[in-house]
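Structure assessment
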Amino acid sequence: MKTKQTLLITVFLLLSYFGNTQTTINNESLLKSELDTISAQKLPITSVALNQNGNWIIFYGDIGFSFVTIPAKLSAKLDTLNKKQVSLKDIDFAGNSGWVLLAEDNAFYSDSLPAKILSDLKKINQQGKIIKCISIYNDKSVILYTPKTHYQYNISSLLKKKLSDLKYRNQRVKNIALTKNDGWIVLYAKKGFSYYNIPLSMSIKIKELVQNGSTLNNVFFLGEKWIVIYDKYKYISNL
């Protein structure tokens, strides 16, 4: 049975404009404090995202969320889903004003998404596929649905090849994250990972975690910052 979780932090609900080029995180110390609190409670950290104005949001546990400064429409949708105890899975922002929220098995809610992404999300939804995660960076996007299938738009040829190879090898993909300069990381199987053009400090930490027996769960890029979730509720970052 799900336990209702409410906001740990709520700071001024204002309309914001979104993108993925922001490099400065507003209230960065507060973000780290929130992550520390969630981790200390051993609640899985399922998604962390940053908007163009530098404001952040976290999903944790089954239905928990915490944020600073998000649009009223998104806040209202989260409140509604929370009251209904609907599981929250992932969130990302697109362009100057778009956002997409994944919930339950294949449900999604969005506002001002690019037409191509919205159209393909609807197709995946109508097919009843389980949508696992979504990553959008500027005009690039990738959506993981079912453990071994993905939708891609304008991603690098190197990432296309990696995803194709993993599918051919029948590997279960857990998480995909995009970053600037065609950088990316893919987490697969129990401890598998592959990446290109990510920060050196991040790649060193990831290798150390796997060598020490930890399981990688999610990776999130927030401008110049990064967060790696491992063993479900633990994290490392350069915050």
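Residues numbered from 1 in each chain as written. Predicted model: local features only at pLDDT ≥ 70, side-chain atom pairs only at ≥ 80, totals over all residues. Heavy atoms only, no water.

1. A closer look at the overall build of the chain
Rules: The way it works is that DSSP assigns letters per residue, a run of H or I at least four long becomes a helix, a run of E at least two long becomes a strand, and they are numbered from the N terminus. Residue exposure (1.4 Å probe, protein chains only): buried if accessible area is under 20% of the type maximum, exposed if over 50%, otherwise partly exposed. Whether two residues are in contact is decided by their heavy atoms: any pair within 4.5 Å suffices. With residues, only the protein chains shown are counted as cover, and all accessible areas are computed by Shrake-Rupley using a 1.4 Å probe.
In terms of helices and strands, the chain carries 5 helices and 16 strands. Per-residue burial over the chain gives 51% buried out of 239 residues. Considering only residue pairs separated by 6 or more positions, the chain has 48% of its internal contacts joining residues 24 or more positions apart. When the accessible surface of the chain is split by element, carbon and sulfur atoms take 48% of a total near 11,000 Å².

2. As for the layout of surface pockets
Stated precisely, the cut-off is as follows: In the cavity and pocket records, a cavity denotes points on a 1 Å grid over the protein atoms alone where a 1.4 Å probe fits but cannot get out, a pocket denotes an open set with protein on both sides within 12 Å along at least 5 of 7 lines, and lining residues are residues with an atom within 4 Å of a point. Grid points are joined across faces, edges and corners, and a volume is the space filled by probe spheres set on the points. The residue classification treats Ala, Val, Leu, Ile, Met, Phe, Trp, Tyr, Cys and Pro as nonpolar and Asp, Glu, Lys and Arg as charged. All others, Gly included, are polar.
Quantified by volume, the largest pocket comes out at close to 560 Å³. Forming the boundary of the largest pocket are 19 residues, of which Thr46, Lys89, Lys132, Lys174 and Asn218 lie nearest the centre. Elements supplying a minimum of two residues to the lining of the largest pocket: strand S2 (45-50), strand S5 (88-94), strand S8 (131-137), strand S11 (173-178) and strand S14 (216-222). Broken down by class, the residue content of the lining of the largest pocket amounts to 6 nonpolar, 6 polar and 7 charged.

3. A look at the sheet that holds S11
Note the threshold: Whether two strands pair depends on DSSP finding at least two bridges between them. Axis geometry follows a simple rule: fit a line to the C-alpha atoms, using only the stretch in contact for helices, then measure angles between N-to-C directions, giving values from 0 to 180 degrees.
The antiparallel open sheet is built from 3 strands, whose spatial order is S11-S12-S13. Two strands lie at the open edges of the sheet, namely S11 and strand S13 (192-196), each paired on one side alone. Between one strand and the next, the sheet's axes are offset by a mean angle of 10 degrees, whatever the strand orientation. Where S11 lies against strand S12 (residues 184-188), 5 bridges are found, and the strand directions are antiparallel. Paired with Asn175 across the two strands is Leu187, which belongs to S12. Strands S11, S12 and S13 of the sheet are contacted by helix H4 (residues 157-168), whose axis makes an angle of about 5 degrees with S12.

4. With respect to helix H3 (residues 115-126)
Note on helix geometry: an α-helix contains 3.6 residues per turn, so any two residues three or four positions apart are oriented the same way. In plain terms, the rule: For a helix, the expected span equals 1.5 Å multiplied by the residue count minus one.
When the terminal C-alpha atoms of H3 are compared, their 16 Å separation across 12 residues agrees well with the 16 Å that a helix rising 1.5 Å per residue should span. On its buried side, H3 packs onto strand S6 (98-103), strand S7 (107-111), S8, strand S9 (140-145) and strand S10 (149-153). Just downstream of H3, Gly128 is the residue with a positive phi angle, here 75 degrees.

5. Notes on unusual backbone geometry
Residues other than glycine seldom take positive phi values, yet Asn181 does so here, at roughly 55 degrees. Not every positive phi belongs to a glycine, and Asp182 is a case in point at roughly 60 degrees. Within the fold, Asp182 resides in the loop between S11 and S12.

6. Focus: the packing of aromatic side chains
Applicable threshold: Aromatic pairs are defined between Phe, Tyr and Trp rings, using the six-membered ring for Trp, whenever the two ring centres lie within 6.5 Å; interplanar angles under 30 degrees are classed as stacked, those over 60 as edge-to-face, and all others as tilted.
Scanning the model with the defined rule gives 2 aromatic pairs in all. Taken together, a centroid distance of 6.2 Å and an interplanar angle of 5 degrees make the contact between Phe65 and Phe67 stacked. As far as the burial class goes, Phe65 and Phe67 line up, both buried.

7. Let's talk about the sheet that holds strand S15 (residues 225-230)
If you walk across this open sheet you meet the 3 strands as S14-S15-S16, and the pairing is antiparallel. Of all the strands in the sheet, the pair left with one neighbour each is S14 and strand S16 (234-237). In this sheet, neighbouring strand axes are inclined to one another by 20 degrees on average, regardless of whether the strands run parallel or antiparallel. For S14 and S15, the ladder comprises 6 bridges, and the chain directions are antiparallel. Looking at the pairing, Leu222 lines up with Lys225 of S15. Along the sheet, helix H1 (residues 28-40) makes contact with S14, S15 and S16, crossing S16 at roughly 155 degrees. Along the sheet face, helix H5 (residues 200-211) touches S14, S15 and S16 and points at about 10 degrees away from the line of S15.

8. Focus: empty space enclosed by the protein
Applying the stated rule across the entire model yields 1 cavity of 30 Å³ or more. Quantified by volume, the largest cavity comes out at close to 40 Å³. Residue lining of the largest cavity: Lys140, Ile155, Ser156, Leu159, Leu178, Thr179, Asp182, Gly183 and Trp184, and that is the complete set.

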